[in-house]
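Spelled out from the first residue to the last, the chains are:
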Amino acid sequence: MAMRQDAPRHGLARVLSKRGICSRSEAERWVAAGRVSVDGRIVRDPQFPIAGDGRQRIAVDGQPLDAIRPLYVMLNKPRGLVTTARDERGRDTVYRCFEGAQVDGRPLPWLAPVGRLDQASEGLLLFCNDPAWAARITDPQTGPDKTYHVQVNAIPDASLLEAFTQGTVDDGEMLRAKSARLLRAGERNAWLEVSLDEGRNRHIRRLLAAFDIEVLRLVRVAIGPLELGDLAKGQWRMLEAPEVAALS
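Residues numbered from 1 in each chain as written. Predicted model: local features only at pLDDT ≥ 70, side-chain atom pairs only at ≥ 80, totals over all residues. Heavy atoms only, no water.

Named according to an unreviewed UniProt entry, the chain is Dual-specificity RNA pseudouridine synthase RluF originating from Lysobacter yangpyeongensis.

J.: Give me the lowdown on helix H2 (residues 24-32), citing residues and values where you can.
T.: Of the positions making up H2, those classed as buried are Glu26, Ala27, Trp30 and Val31. Taken end-on, H2 shows its buried residues confined to a sector of 135 degrees, consistent with a single buried face. As for H2, its buried residues are in contact with helix H1 (12-18), strand S2 (36-38) and strand S5 (58-60). Just beyond H2, the residue with positive phi is Gly34, at close to 80 degrees. (Buried < 20%, exposed > 50% of the residue type's maximum accessible area, 1.4 Å probe, protein only. Helix = DSSP H or I, 4+ residues; strand = E, 2+ residues; numbered from the N terminus. Arc of directions from axis to C-beta. Contact = heavy atoms within 4.5 Å.)

J.: Tell me what's going on with the pattern of salt bridges, and back it up with residues and numbers.
T.: The full count for this structure, using the stated rule, is 14 salt bridges. Note that Arg96 is salt-bridged to Asp92, the shortest N-O span being 2.9 Å. With a closest N to O distance of 3.1 Å, Arg181 and Glu193 form a salt bridge. One end of the pair, Arg181, is in strand S15 (residues 179-185); the other, Glu193, is in strand S16 (residues 190-196), with 12 residues separating them in the sequence. Residue Arg181 is classed as partly exposed on the basis of its relative accessible area, which comes to 44%. When salt bridges that share partners are traced, they join Asp170, Glu173, Glu198, Arg200 and Arg206 into one network. (Salt bridge = Lys/Arg side-chain N within 4 Å of Asp/Glu carboxyl O.)

J.: Before we move on, could you go through the sheet that holds S2 and cite the residues and values that matter?
T.: Judged by pairing direction, the sheet is antiparallel, and its four strands sit side by side in the order S3-S2-S5-S6 without closing on themselves. A strand with exactly one partner marks an edge of an open sheet, and here the two such strands are strand S3 (41-42) and strand S6 (63-64). Summarising the sheet, S5 and S6 pair through two bridges and their orientation is antiparallel. Note on S6: the bridge partner recorded for Ala59 is Pro64. (Pairing = 2+ DSSP bridges.)

J.: Explain the side chain of Ser121 residue by residue, including any values.
T.: In this structure, Ser121 sits in the loop between strand S10 (112-114) and strand S11 (122-128). Of the residues examined, Ser121 reaches a relative accessible area of 2% and is grouped as buried. Engagement of the side chain of Ser121 in a polar contact is seen with the side chain of Asp118, the distance being 2.7 Å. Within the structure, the side chain of Ser121 is placed 3.0 Å from the side chain of Arg205, a separation counted as a polar contact. Residue contacts for Ser121: discarding those within four places in its chain leaves Lys77, Pro78, Arg79, Arg205 and Leu218. (Polar contact = N/O pair within 3.5 Å; in protein donor to acceptor, adjacent residues only side chain to side chain.)

J.: How would you explain the confidence of the model for the chain if you had to name every residue and give the values?
T.: In the predicted model, the chain carries a mean pLDDT of 90, and 96% of its residues have values of at least 70. This model gives residues 1-5 a pLDDT under 50, and the stretch forms zero contacts once residues within four places in sequence are excluded. (pLDDT = per-residue confidence, 0-100.)

J.: Help me get a handle on the state of the cysteines, residues and values and all.
T.: Counted according to the given criterion, the structure contains zero disulfides. With no disulfide of its own, Cys97 lies 17 Å from the sulfur of Cys128, the closest cysteine sulfur. By relative accessible area, which is 3% here, Cys128 ends up buried. (Disulfide = S-S within 2.5 Å.)

J.: Provide a residue-level description of the packing of aromatic side chains, including the pertinent values.
T.: Inspection of every chain in the model, using the stated rule, returns six aromatic pairs. Where Phe98 meets Phe127, the ring centres are 5.0 Å apart and the plane angle is 85 degrees; that geometry is what we call edge-to-face. Taken together, the residues Phe98 in the loop between strand S7 (72-77) and strand S8 (102-103) and Phe127 in strand S11 connect sequence positions 29 residues apart. Each member of the pair, Phe98 together with Phe127, is buried. The interplanar angle of 70 degrees and the centroid separation of 5.3 Å between the aromatic rings of Phe164 and Phe211 together place this pair among those described as edge-to-face. Of this pair, Phe164 sits in helix H4 (residues 158-166) while Phe211 sits in the loop between helix H5 (203-209) and strand S17 (215-223), and the two are 47 residues apart along the sequence. Using a relative accessible area of 24% as the deciding quantity, one classes Phe211 as partly exposed. Connected via pairs of aromatic rings, a cluster forms that spans Tyr95, Phe98, Phe127 and Trp236. (Phe/Tyr/Trp six-rings, centres within 6.5 Å; stacked < 30°, edge-to-face > 60°.)

Shown next as structure tokens:
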């Protein structure tokens, strides 16, 4: 007779973070504070074993995990905020934009950023509590293109714009733009529209620096078909169901 194999077990805090409910460190704090129950009993050990068969009933603040609906949000990230929940250097984070936020009369649940924008960058930043959806958006092979408006301290000509799409190697990485075009130009600087089909750390800044061009401002204006539009800086809104589906 075949022996029954026990379902794999993981710590409670890890299970919460994998479900997209909160970050791992936030889950540990919630558990320690007595906000999490398993099968109706408060558990304060973040490493409390949870079987992978889904039979144990986990609740946060009395609300079952299965009742926590997926949420998808877009934010117009202001310049100067870091994309993290907490910053060891005490800098303001993107979560400042969600202070006091509510959905259906309840505090906005934990939402994780989908990808990142560095501190000096601004524009469209997505958040959700659906890790599978987030993984599809950030997948470098199949994820949607990202489009940026970039102010630079030069006026690139057609050959230089073409060079951006041909790419260059920086620190052992090939950096290239999927497309680059001139939007408008002044006497000393210009605005470009640059699209990427992959996103490496400080991709555009490093790419342009390799051609001795400095980025003055960098604004992400679209992710796939989703455009930033007229959403005010520092403001956020829920995505509509067709928008969520279009990015999947």
